[in-house]
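Chain residues, written in single-letter form:
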Amino acid sequence: MTNARRSGPDLTRAIMRTTLDLGQELGYAKLSIEAIAARAGVGKHTIYRRWPSKGALLLDSLLSLGESALDYPDTADVVADLRKQIHETVDLLATAPLRPLFQALVGEAQFDPGVAGALNERFIAPQADKTVARLKTAREQGQLASDFDLDLAMAVLSGPLYFRLLITQEPLTHAYVDRILDALFAGMGPRP
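Residues numbered from 1 in each chain as written. Predicted model: local features only at pLDDT ≥ 70, side-chain atom pairs only at ≥ 80, totals over all residues. Heavy atoms only, no water.

Participant: Just to check I follow, could you spell out helix α4 (residues 54-63) for this structure?
Facilitator: Note: α-helices contain 3.6 residues per turn, so residues at a spacing of three or four share the same orientation. Among the ten residues of α4, ten are classified as buried, and the element is accordingly described as predominantly covered. All of the buried residues in α4 are K54, G55, A56, L57, L58, L59, D60, S61, L62 and L63. Contacts made by the buried residues of α4 are with α1 (8-26), α2 (33-40), α3 (44-50), α6 (98-109) and α7 (113-140). (Buried < 20%, exposed > 50% of the residue type's maximum accessible area, 1.4 Å probe, protein only. Helix = DSSP H or I, 4+ residues; strand = E, 2+ residues; numbered from the N terminus. Contact = heavy atoms within 4.5 Å.)

Participant: So what exactly am I meant to see when it comes to the pattern of salt bridges here?
Facilitator: Side-chain pairs of opposite charge can arise whenever the charged atoms involved come near each other. Under the criterion given, the structure shown has ten salt bridges. Between R134 and D74 there is a salt bridge; the shortest N-O distance is 3.3 Å. Placement of R134 in helix α7 and of D74 in the loop between α4 and α5 (78-94) is noted, with a sequence separation of 60 residues between them. Using a relative accessible area of 4% as the deciding quantity, one classes R134 as buried. (Salt bridge = Lys/Arg side-chain N within 4 Å of Asp/Glu carboxyl O.)

Participant: Looking at this structure, how should I read the side chain of T131?
Facilitator: The residue T131 is located in helix α7 in this model. Given a relative accessible area of 5%, T131 falls into the buried group. Separated by 3.0 Å, the side chain of T131 and the backbone oxygen of Q127 make a polar contact. Those residues in contact with T131 that sit more than four places away from it in its chain are Y72, L82, M154 and L157. (Polar contact = N/O pair within 3.5 Å; in protein donor to acceptor, adjacent residues only side chain to side chain.)

Here is the structure:
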């Protein structure tokens, strides 16, 4: 398909797919806008009109992979709902190219305030908001103690996952997620 035939969303999807493919082949450090443009059959200016940097392009490309997978169910069992959503997240992060590219993107965010802001605004904060909203609903339904600290629970849920993903690089497994949930909710249920 030539560039003349691709426009708008089709061209954007093609560039993002190329970014993920090249990112998986080369790794983030060797990934460049020039290489993406050449492989996608577009000019660099076409990419820069849509994204200000390699990090911003990678963020959009990664987000395009799992948009619907990260929504919470509401089955009236908050632990089961969290378990299902976090298992899906872990499964998504376990698939290539997501884990190494997401790790690289978080690393890039440490040096590029634009990438850091976009990552927080478009991924971290929305996911945290979804988690807190689900926990709040559970608290209102009496599944959690009335003084259950929603923000602290969010930190306790996400901290160990990011620690393994970014620091120790140990596998993220369903069993590990289950241990986190068990530890968090052992003392957080409603009190008599």
